Amino acid sequence: MSINNTVWEKKYEVIIIGGGLQGLSTTYYLLANGVKDVLLIERSYIGSGSSGRNLGGVRETHDTVEEIALGKEATKTWGKLSKELDFNIFFRRDGYLYIATNEKELNNLKERWRFMNLNGVKAKLLSENEVLEIAPYLNKSIVIGGLLGINDGIAYPFAAIWAFYLAIKNLGGTILQYTNADKLKLENNGTFSVKIKEKTLHSNIIVIAAGPGSIDLASTLGINLPAKILKRQALAIERQPLNIKPMIVVPWGPIAQTIRGEILGGYHDEYECSPTDFTPTRESLEKTIWYMIKTIPTLKTANILRQWAGHYVESPDKKPIIDALDNPEGLYLNVAWRHYGFMMAPVVGKALAKSIISGKIEPILKPFTINRFIYK
Amino acid sequence: MQCRINIPNKGKVLICKDFMSENKEILLNKDPLLKLVMKQLFEKLGYGDLYYYIVPRFEIINKLYIKIIRMLSRVSIKNSKLSFTNESYKPKRVSIETDYLIIGDGPAGVGAALTLAEYNQRVIIIGNNNEMGGGLKIIGEYINNDESIKAGSTNSIDDLNIIKNHMKKHGEAIKRIKGEVFGIYKEKDIYVITAYSENNYYLIKAHKIIIAPGIMDGWPLFVNNDLPGLIGGLGALKIINYWNFMPWHEIIIIDLNKVSLHILHSAIKMGVKRVNLIIFDDAKLKIYDSYLQTEKGLERIHIFKCDTIEKMFSGKRIKIQAYCNNKKLYINGDTAIYCGHFVPRYNLPAQAGITIEIITDKINKMARLNVHTIDGTRTEINDIYLAGGVIGCVNPREAYISGQLSALSALIDSGIQINMSHNEYKNMLDKVINCKKMNEQLFTMRVLNKKLNGNEIVCPCYDVKVKDILKALKLGLNDIETIKRYTGIGTGECQGRICMLPTILVMNAFGVNAPNIMKIRPPIIPLPAYIIGENIYEHQ
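The rules behind these values
Residues numbered from 1 in each chain as written. Chains lettered and ligands numbered in written order. Predicted model: local features only at pLDDT ≥ 70, side-chain atom pairs only at ≥ 80, totals over all residues. Heavy atoms only, no water. Buried < 20%, exposed > 50% of the residue type's maximum accessible area, 1.4 Å probe, protein only. Helix = DSSP H or I, 4+ residues; strand = E, 2+ residues; numbered from the N terminus. Pairing = 2+ DSSP bridges. Right-handed = clockwise from strand over helix to strand, strands pointing away. Contact = heavy atoms within 4.5 Å. Phe/Tyr/Trp six-rings, centres within 6.5 Å; stacked < 30°, edge-to-face > 60°. Lys NZ or Arg CZ within 6 Å of the ring centre and 35° of its normal. Domains from an automatic or database assignment. Buried area = accessible area lost by both parts, 1.4 Å probe. Salt bridge = Lys/Arg side-chain N within 4 Å of Asp/Glu carboxyl O. Polar contact = N/O pair within 3.5 Å; in protein donor to acceptor, adjacent residues only side chain to side chain. Nonpolar A, V, L, I, M, F, W, Y, C, P; charged D, E, K, R; others polar. Patch = residues over 30% accessible without salt bridge, like charges linked within 9 Å, V, L, I, M, F, W, Y side chains within 5 Å. Areas by Shrake-Rupley, 256 points an atom, 1.4 Å probe, with all protein chains shown as cover. Lys, Arg positive; Asp, Glu negative; His and termini not counted. Charge placed at Lys NZ, Arg CZ, Asp CG, Glu CD.

(A) The pairing of strand β11 (residues 250-254) of chain B, seen in detail. All names here are of chain B. Most of β11 sits inside the fold, with 5 of its 5 residues counted as buried. Because side chains alternate across β11, one face comprises the buried residues E250, I252 and I254, and the other comprises I251 and I253, equally buried. In this sheet, strand β12 (residues 274-279) lies alongside β11 in parallel orientation, the contact comprising 5 bridges. In the sheet register, E250 faces β12, and the bridge partner there is R274. Handedness of the β-α-β unit built from β11, helix α8 (residues 258-269) and β12 comes out right-handed. In this structure, β11 lies alongside strand β17 (residues 335-338), joined through 4 bridges in parallel fashion. Within the sheet, the bridge partner assigned to I254 lies in β17 and is Y338.

Following this line, the structure appears as structure tokens:
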């Protein structure tokens, strides 16, 4: 992208750091609500982080009240998103199918179902036969029951990213790709400066939504984010005539089929790594293939096309940190999303944009403020 | 996506269509015998059910096509070496540790192995064929002396035999494995290279790696081609030299370089009636004119100097529409062999973390991928060295020297004294750097079309056309990673081997610079899931 001088001379109302779906949706809803000068900075291409590396699942089948509240809003929003942004994001409401392979897991599913049911999640417990009716390609010998999240679905991650990107461009927002925001600084007059290469940008409001890069970035303002970076991997198998509709979740990891027919999966295995480490490992390849073949035996003859790694940023309670800080004032955090940043992005982006405009954090985001980690 | 096969006396037959489309069986149903043969063949090649499987074109070029031609030329299937994919088959997991691993057993790999063995190092050399030799097996008769590894050899097979004898002498130090490498992983301080063969899943731990996988035939971009009316130069050489068999009477050879000379040479010898040679560059004609003049069947060679190739029509015979001084020209043949450019097998070095540079020339509409070396065969990654075709040393002799040099560099880097004067070492280095420079001029890729009409296929796996890339560019998605995800290029069975350069060329032609190549991800080749298997990793 060519950078003209006007980009540098302007003072922005809001600067958002991180071109994942969280950053993009926040930018879009700010612009849509009438904020004019919004700048989004991305160190690589848009969606190059976890937003583009996930399987595209969107669900309300969560296990805590506050996450269910977000999830219910998310499944509603995703259904309308193609229309709202005028771009097909390929969202299909095909459900999440959780599979139990032993009694213990089945009891666990039942317990989860009771909690979800209590909180208004549309989910259904399934018997072995019902599971196999929905997913006849599954290995019969491992299934003993299941849980179907009815409102859940799958989107194509990059379509969602481009949809927001194009909408932002239509509204006149600026996106700088391949630009590294190295250093944040609080100036004496209370505004922020962002250092980019040799230039400096100014703004009253900064939003940090930079995924694994957020930790280092926040520390330049003296803020320690209680979060660590984990590596999680996935792989793609060539197109298969299987018609796997829902997101299959077995105890070892998820399996989903893309609109093009490729089959994706990734073993539940996470370990700490550096924010720049994207190298996939052999061990993950072996484990992932092992459970995918175990779950869907016909995959044995298929070819593996590629594997990749992404990052989870995990807070101590495995929930995100979303906050409008008082000190320094004007700094907004939207980080540590672990595994569900992509699916919640349209909802959280909208709420965060509202919070930025009003100066007060929206009720739906309240449970995720950073205060919860501070001993009172 | 569809795939056609050119069968002598039968014309082209559609054998497979995308499972998404409906009329996949039409042509096959017309010929029950052919249907049966094809079905059997597909099963034996491990493609599973003919009607559901999508056969990657890339593989067809190199393997399937050759095998089918062989079958149709009445070579019994029973005697052929087709491998079987059995459902219940489970490969054995084999772990090996070594000082040096050499990937590729062509002249470059063997050169490195022999040098290392002389210095008493433990070496494993891995090749993906039953027999070692790589390019030596397909080149055949040498056209001039400076190709031979050992002075006096007139044929690459002689060289191969000499090398084999040398290898036998070092039988204890050098271990050869048959296998296809699919991943290079760094685990703690050691490299783990994963490979597979029919029976084994190899995990090879190595301290130093020499990557010498050779060159791969590139593919023409902007010809509306259906396979395999057009075949790649190395594919054609394989058919000709492996089985001493030339299934065509009249051939079209596109572009002039060493590979096309070898094909021409063999074709004339095997009694092909007419060779239509299409060249684009006068300079190349000057380089190779002396060889051409000494060719015995010169009157059978017809040279067409063209500006561009516009289209290719496939019917019973191939017809190429070319332009020469703004005049339309039709060139016919039973088959067309494309020798236009070479794409180094950059996916292996790229996965190891070595930079691949894009070198583009907008004026001449050319682009090339260059594997970056810092010093002849040394790379920016410690303990990984390159040799042979991948760095542009394509003659057997050049490749052999580059292999020796990589081994010497590796020995020097690990502090071993070498019995060679500094001058001798420097001479070898100069030779490798020189041949690399020379080949850079010859192996560039050009846009064949002057005017792109949008329907040219860029990615055969997902049938992505130029217009699809333009659509992405118009939306402002002008980054190669984004175009990859928007159009699907680089995500199919070829994983970017065919489509990456064409995409970069299209982007360049429309004024968008591609600063990077797309990320190459493991596995390097499409890896059958059963290789890793269900019981190989048991969950604890």
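That covers the picture; the talk isn't over yet.
(B) Region of the structure containing unusual backbone geometry. N327 of chain A connects to P328 of chain A through a cis peptide bond whose omega is -5°. Counting through the fold element by element, P328 of chain A comes out in the loop between β18 (321-324) and β19 (331-335). For the bond from P522 of chain B to P523 of chain B, the omega torsion is -5°, close enough to zero to count as cis. Tracing the backbone through its elements, the reader meets P523 of chain B in the loop between α15 (500-509) and β25 (527-528). The phi torsion at N243 of chain A lies on the positive side, around 60°, for a residue other than glycine. Relative to the elements of secondary structure, N243 of chain A occurs in the loop between β12 (228-237) and β13 (247-250).

(C) Quick look at the side chain of T27 of chain A. Residue and element names in this part refer to chain A. With respect to the element layout, T27 can be found in helix α2 (residues 21-32). Residue T27 is classed as buried on the basis of its relative accessible area of 0%. Residues contacting T27, with those up to four places away along its chain left out, are I16, V38, L40 and I168.

(D) View of the packing of aromatic side chains. All told, the structure shown has 14 aromatic pairs over all chains when counted by the stated rule. Summarising the aromatic geometry, the rings of F158 of chain A and W162 of chain A are spaced 5.8 Å apart at their centres and angled 40° between planes, so their arrangement reads as tilted. Placement of both F158 of chain A and W162 of chain A in helix α6 (residues 157-170) is noted, with a separation of 4 residues, approximately one turn of the helix. Following the ring pairs from residue to residue traces out a cluster consisting of Y156, F158 and W162 of chain A together with Y486 of chain B. Lying over the aromatic face of Y98 of chain A, R112 of chain A brings its terminal NZ or CZ to 4.9 Å of the ring centre. Over the face of the ring belonging to Y330 of chain B we find K319 of chain B, whose NZ or CZ atom lies 5.0 Å from the ring centre.

(E) Summary view of the domain arrangement of chain A. Residue and element names in this part refer to chain A. By domain assignment, chain A separates into domain 1 (11-53 + 158-225 + 318-374), domain 2 (96-150) and domain 3 (228-314). The gap between the C-alpha centroids of domain 1 and domain 3 is 29 Å. In this assembly, 12 residues from domain 1 lie in contact with 12 residues from domain 3. When the two sides are added together, the surface that domain 1 and domain 3 hide from each other amounts to roughly 1,100 Å², 59% of it contributed by carbon and sulfur. For the domain 1 face of the interface with domain 3, the top three residues by lost area are R53, P212 and R338, together amounting to 54%. There are 2 salt bridges connecting domain 1 and domain 3. Our enumeration of links across domain 1 and domain 3 arrives at 6 residue pairs in polar contact (both at pLDDT 80 or more). The residue inventory of the side of domain 1 that touches domain 3, partitioned by class, reads 4 nonpolar, 3 polar and 5 charged.

(F) Seen up close, a positive patch on the surface. All names here are of chain A. Together, K72, K76, K80, K350 and K354 line one region of the surface with positive charge. Ranked by residue count, the leading element in the positive patch is helix α3 (residues 65-85), at 3 residues. Positionally, K354 belongs in helix α9 (residues 341-358).

(G) View of the environment of I254 of chain B. Residues and elements named next belong to chain B. Here I254 lies in strand β11. Look at I254 and you get buried, because its relative accessible area is 2%. Counting along the chain gives 21 residues from I254 to G233, while the straight-line C-alpha distance between them is 9.0 Å.

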